Amino acid sequence: MTTDDLNGLYQQLILDHARSPHAKGVLAAPTASSHQVNPTCGDEVTLTLEVRDGTIVAIGWDGHGCSISQASASLLSTLIEGVSVAEATSLLDDFRIALRSRGQIELDEDRFGDAIALNGVSRYVARVKCAMLPWVALENALRPA
Ligand code: ZN
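Participant: Hey, could you run me through the sheet that holds strand β3 (residues 55–64) in this one?
Facilitator: Strand pairs in the sheet, formed through backbone hydrogen bonds, run parallel or antiparallel to each other. With antiparallel pairing, three strands are arranged side by side in an open sheet as β1-β2-β3. Both edges of this open sheet fall to β1 (32–38) and β3, since each of them pairs with a single strand only. Across the sheet, the axes of successive neighbouring strands diverge by a mean angle of 15°, strand direction being ignored. Strand direction decides the pairing type here: strand β2 (residues 43–52) and β3, joined by nine bridges, are antiparallel. Paired with E50 across the bridge in β3 is A58. Packed on one face of the sheet, helix α2 (residues 67–80) meets β2 and β3 and runs near 170° to β3. Across the sheet, helix α5 (residues 125–142) is in contact with β1, β2 and β3; its angle to β1 comes to roughly 150°.

In structure tokens, the structure reads:
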């Protein structure tokens, strides 16, 4: 596959997640939540979590904005549903390092699955905030009160 084919595939994956998002709709009784706004692009994400005994047992989110921000929220929810808070925090740390690397560090496919479609975003500094928005919401939601 050429690089152009691969870019097209990743672009399609992002559009698919933006159009048919996973876990869209906030939880009725979350144990943690966070609302984040990216004013430079107009993106908004509200993330709600149900955390039981250190595990994220349910996730739901709502939002609007560009395809990258909404696809990132959908991809995030596929990754952290059912994982421990420690694992979610580790994913968050690695996601941030890759997205802020300006294309130098790529997301590990074994850990991030389809979310590696967001790798290309790290080359566009203006779009990094879009992809990070739901992850910032996750960080704030998991922060001890
Ligand atoms: Zn955006």
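Participant: What should I look at first to understand helix α3 (residues 85–99) in this one?
Facilitator: Three- or four-residue spacings in an α-helix give side chains the same orientation, since the helix completes a turn every 3.6 residues. With 15 residues, α3 ought to run about 21 Å at 1.5 Å a step, and its terminal C-alpha atoms sit 21 Å apart, in line with that. All buried positions along α3 are accounted for by A88, L91, L92, F95, R96, A98 and L99. Around the axis of α3, the buried residues are gathered within 160° of arc, so they sit on the same side. In this structure, the buried side of α3 is in contact with β3, α2, α4 (109–112) and α5.

Participant: Hey, could you run me through the environment of A28 in this one?
Facilitator: Looking at the element boundaries, A28 is found in the loop between α1 (3–19) and β1. The class for A28 is exposed, based on a relative accessible area of 87%. Along the primary structure A28 and L92 are separated by 64 residues, whereas in three dimensions their C-alpha atoms are 25 Å apart.

Conventions used here
Each chain has its residues counted from 1, running along the sequence as written. A pLDDT threshold of at least 70 governs which residues receive local features in this predicted model, and a stricter bar of 80 or more applies before side-chain atom pairs are shown or counted, although totals over entire chains, interfaces and linings include all residues. Values reported for side chains reflect all heavy atoms of the structure, with hydrogen atoms and water molecules removed beforehand. Here a strand pair is declared whenever DSSP counts at least two bridges between the two strands. Secondary structure is summarised from DSSP: a helix means a run of H or I of at least four residues, a strand means a run of E of at least two, and numbering begins at the N terminus for each. The angle between two axes is taken between their N-to-C directions and runs from 0 to 180 degrees, where each axis is a line fitted to C-alpha atoms and a helix contributes only its stretch in contact. The contact criterion used is simple: two residues touch if any of their non-hydrogen atoms lie within 4.5 Å. Here, expected helix span is obtained from the residue count minus one, scaled by 1.5 Å. Buried, partly exposed and exposed residues are distinguished by accessible area as a fraction of the type maximum, computed with a 1.4 Å probe on protein chains only: under 20%, between the cut-offs, and over 50%, respectively. In this context, the arc is that of the directions from the helix axis out to the C-beta atoms.

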